[in-house]
Amino acid sequence: MNKHDPLSPAAALHANVSVPFERAYAMPKSVYTSAEFLAQEQKHVFAHDWLCAGRAESLATPGDYLTMEIAGEPVVVLRDRDGQLRAMSNVCRHRMSTLLQGRGNVRAITCPYHAWTYNLDGSLRGAPAMTLNESFCKEALGLPAIRCEIWQGWIMVTLNPDAPPPSEALAEVTRLIAPFDMTNYQEKFRETFRWATNWKVLAENFMESYHLPMCHAGTIGGASRLEEMVCPTGGETFNYHWILKNDTVPLALAHPSNTVLEGDDRRKTWLLAIYPSLLITLTPGYFWYLSLTPDGPGHVNVLFGGGMSEDWLADPAADAHLAAVRALLDDVNVEDKGCTEKVYRGLLSDMAQPGPLSHLERPNFEFAQYLASRIPA
Ligand code: FES
Ligand SMILES: [Fe+2]
């Protein structure tokens with residue numbers, strides 16, 4: 001709450017979505033800048049819904065692991081001895097040190113503090129000098145499991161034992177993009193970065209392509225036409241829009257050997273926002289994604305990755321095409337960083353007020369409705 005806004009951020013958000021889309025405004029400033037609202041998001045959004053840990057093929061061999069945080073909870077995702085992906089608490093059952101850091105490959109998880117060692121299924125394998133404590137029971141000291149499922153090649157995790165599985169929750173998305181078969185795409189690059197903006201500013205930046213001509217004037221802006229952007233109504237768990245692309249980027253078009261995609265689908269770029277924080281750009285030849293983790297109201301940690309479809313990967317010029325797309329995306333990211341950090345700076349202004357939304361920002365309004373549906377007023 002601030003002196004100009006008598007409503008709590010959640011109440012202001014509910015008021016914001018209580019109008020038809022034809023009269024919609026950008027979300028109130030406080031939902032971006034308030035620590036109180038972020039705490040509500042952590043509880044009702046990030047600890048409640050499915051989050052993405054990246055692509056399943058990025059943890060290819062037993063022992064490959066990555067670490068992440070879900071609503072402040074340290075989590076490790078790994079491929080176990082049997083080839084299954086698992087997620088579990090990344091906190092030791094002794095005096096509660098965190099265990100693994102970053103990404104890598106391990107044969108077992110050894111705590112960096114007193115060397116308690118866990119198997120890849122989370123069970124405690126051994127603990128030095130513990131036999132004289134009569135309450136020590138190895139079998140009772142495994143790492144708590146966290147739900148982990150693969151959806152269309154994506155590793156999805158949630159702290160919520162009652163969340164419907166992604167195959168159910170995202171069935172409509174699966175159906176929409178079925179001809180693209182996202183499971184055959186392979187991740188070829190990945191990095192993480194931290195930007196000085198609220199996670200929702202970056203999510204919303206992805207949800208509209210209205211900013212392409214201006215924000216991306218140095219890269220893809222010139223080839224982006226507002227008339228070629230279509231923003232249909234999304235669903236309860238996602239929003240989306242699509243753009244029809246010309247041949248500026250060959251990889252954005254179906255490979256000549258692709259006989260599944262027909263008509264406009266051969267040059268269609270999907271922009272899928274899987275609530276709350278997985279943002280996927282899917283084209284016939286390549287994909288890229290962002291998975292967002294808030295770091296205070298004013299910063300966001302970003303997992304950014306991408307790769308190619310099977311048919312383009314088999315092309316003799318695959319490497320050159322991929323390098324070109326990668327270089328382009330790096331430049332596009334610099335532009336998006338600039339725009340989203342400028343927005344966050346503006347949101348901190350006393351004189352700032354949310355303005356009306358374009359018809360090209362329907363997904364943004366749906367995102368606001370989703371947040372309001374999760375967070376009580
Ligand atoms: S805290 Fe992990 S072994 Fe002591
Ligand atoms: Fe952008």
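Overview of the structure. Numbering of residues starts from 1 in each chain and follows the order in which that chain's sequence is written. For this description, chains carry letters from A and ligands carry numbers from 1, given in the order in which they are written. In keeping with the model being predicted, local features are shown solely for residues with a pLDDT of at least 70 and side-chain atom pairs are shown and tallied solely at 80 or more, while totals for entire chains, interfaces and linings include all residues. Heavy atoms throughout the structure, all of them, feed into the side-chain values; hydrogens and water do not.

Some remarks on the nonpolar core
To define a nonpolar core, start from buried Ala, Val, Leu, Ile, Met, Phe, Trp, Tyr and Cys residues and group those joined through side-chain atoms within 4.5 Å. The rule is simple: take the accessible area with a 1.4 Å probe, protein chains only, and divide by the maximum for that residue type; under 20% is buried, over 50% is exposed, in between is partly exposed. If you look at the biggest cluster of nonpolar residues, it comprises 71 residues, and the most contacted ones within it are Leu13, Val77, Ile155, Val157, Trp199, Leu292 and Phe367. Residue ranges assigned to the domains are those given by an automatic or database domain assignment. Inspection of this core shows a minimum of three residues originating in each of domain 1 (9-49 + 167-374) and domain 2 (51-162). Setting aside its immediate chain neighbours within four residues, valine 77 contacts Ala53, Leu59, Asp64, Tyr65, Leu66, Met68, Arg86, Ala87, Cys148, Ile155 and Val157. Within the second largest apolar cluster, 28 residues are counted, among which are Ala163, Ile177, Leu261 and Ile274. Whether two residues are in contact is decided by their heavy atoms: any pair within 4.5 Å suffices.

Here's the deal with the pattern of salt bridges
Criterion for a salt bridge: a side-chain nitrogen of Lys or Arg within 4 Å of a carboxyl oxygen of Asp or Glu. Applying the stated criterion to the full structure yields 15 salt bridges. Across the salt bridge formed by arginine 374 and aspartate 49, the nearest N and O atoms sit 2.9 Å from each other. Here arginine 374, found in helix α10 (residues 362-374), pairs with aspartate 49, found in the loop between α3 (35-46) and β1 (51-55); they are 325 residues apart in sequence, far enough to count as distant. Here aspartate 49 falls in the buried class, since its relative accessible area comes to 9%. Residue arginine 55 is joined to glutamate 57 by a salt bridge in which the shortest nitrogen-to-oxygen separation is 3.1 Å. Each member of the salt-bridge network shares a partner with another, and the members are Arg225, Glu227, Glu228, Asp264 and Arg267. Each helix corresponds to a stretch of at least 4 residues labelled H or I by DSSP, and each strand to a stretch of at least 2 residues labelled E; elements are numbered beginning at the N terminus.

What about the packing of aromatic side chains?
A ring pair, where both rings are aromatic, is described by two values, the distance of the centres and the angle of the planes. Only the six-membered ring of Trp is used, alongside the rings of Phe and Tyr, when aromatic pairs are assigned; centres must lie within 6.5 Å, and planes under 30 degrees apart are stacked while those over 60 apart are edge-to-face, with the rest tilted. According to the stated counting rule, one finds 21 aromatic pairs in the structure shown. Centre to centre, the rings of tyrosine 185 and phenylalanine 287 are 5.8 Å apart; their planes meet at 85°, and the pair counts as edge-to-face. Of this pair, tyrosine 185 sits in the loop between α5 (171-176) and β11 (186-195) while phenylalanine 287 sits in strand β16 (residues 286-294); the two residues are 102 residues apart in sequence, bridging distant segments of the chain. In this structure, tyrosine 185 and phenylalanine 287 share a single accessibility class: buried.

Topic: the sheet that holds strand β4 (residues 85-89)
With respect to topology, 7 strands assemble into an open sheet ordered β1-β10-β9-β4-β3-β2-β5, the strand pairing being antiparallel. Only two strands of the sheet have a single neighbouring strand rather than two, namely β1 and β5 (103-105). Within the sheet, the average angular offset between the axes of one strand and its neighbour, ignoring direction, is 30°. Alignment of β4 against strand β9 (residues 145-151), held across 2 bridges, turns out to be antiparallel. Each pair of strands is called paired provided DSSP finds at least two bridges between the two strands. Axes here mean lines fitted to C-alpha atoms, for a helix over just the part in contact, with angles spanning 0 to 180 degrees between N-to-C directions.

Here's the deal with helix α6 (residues 199-207)
Most of α6 is tucked away, with 9 of its 9 residues classed as buried. For α6, the full list of buried residues reads Trp199, Lys200, Val201, Leu202, Ala203, Glu204, Asn205, Phe206 and Met207. The term polar contact refers here to a pair of N or O atoms within 3.5 Å; inside protein, the definition further demands a hydrogen-donor-capable atom paired with an acceptor-capable atom, and it admits residues adjacent in sequence only when both atoms are side-chain atoms. A distance of 2.9 Å separates the backbone nitrogen of lysine 200 from a side-chain oxygen at the start of α6, and that oxygen is part of asparagine 198.

Notes on the sheet that holds strand β8 (residues 124-126)
With respect to topology, 3 strands assemble into an open sheet ordered β6-β7-β8, the strand pairing being antiparallel. Sheet topology places β6 (109-110) and β8 at the edges, where each strand pairs with a single neighbour. Bridging between β6 and strand β7 (residues 117-118) involves 2 bridges; their strand directions are antiparallel. The partner of threonine 110 across the bridge, within β7, is threonine 117.

What to know about the coordination of the iron ion (ligand 2)
Every protein donor of the iron ion (ligand 2) is accounted for by His211 (NE2), His216 (NE2), Asp336 (OD) and Asp336 (OD), and the metal-donor separations fall at 2.0 to 2.6 Å. Geometry at the iron ion (ligand 2) is irregular, judged from its 4 donor atoms and the angles of 54 to 152° they form at the metal. Distances define the donors: N, O and S atoms within 2.8 Å of the metal qualify, as do those within 3.2 Å of Na, K or Ca. Water is excluded, so some sites may look unfinished. Note on geometry labels: four donors, all angles 85 to 135 degrees, give tetrahedral; four donors become square planar and six octahedral when opposite donors are over 155 degrees apart and every other angle is between 65 and 115; remaining cases are irregular.

Overview of the state of the cysteines
Two cysteine sulfurs form a disulfide in these notes if their separation is within 2.5 Å. Applying the stated criterion across every chain, the model contains 0 disulfides. Cysteine 148 supplies the cysteine sulfur nearest to cysteine 52, a cysteine that is in no disulfide, at a spacing of 10 Å. Note on cysteine 52: relative accessible area 3%, which makes it buried.

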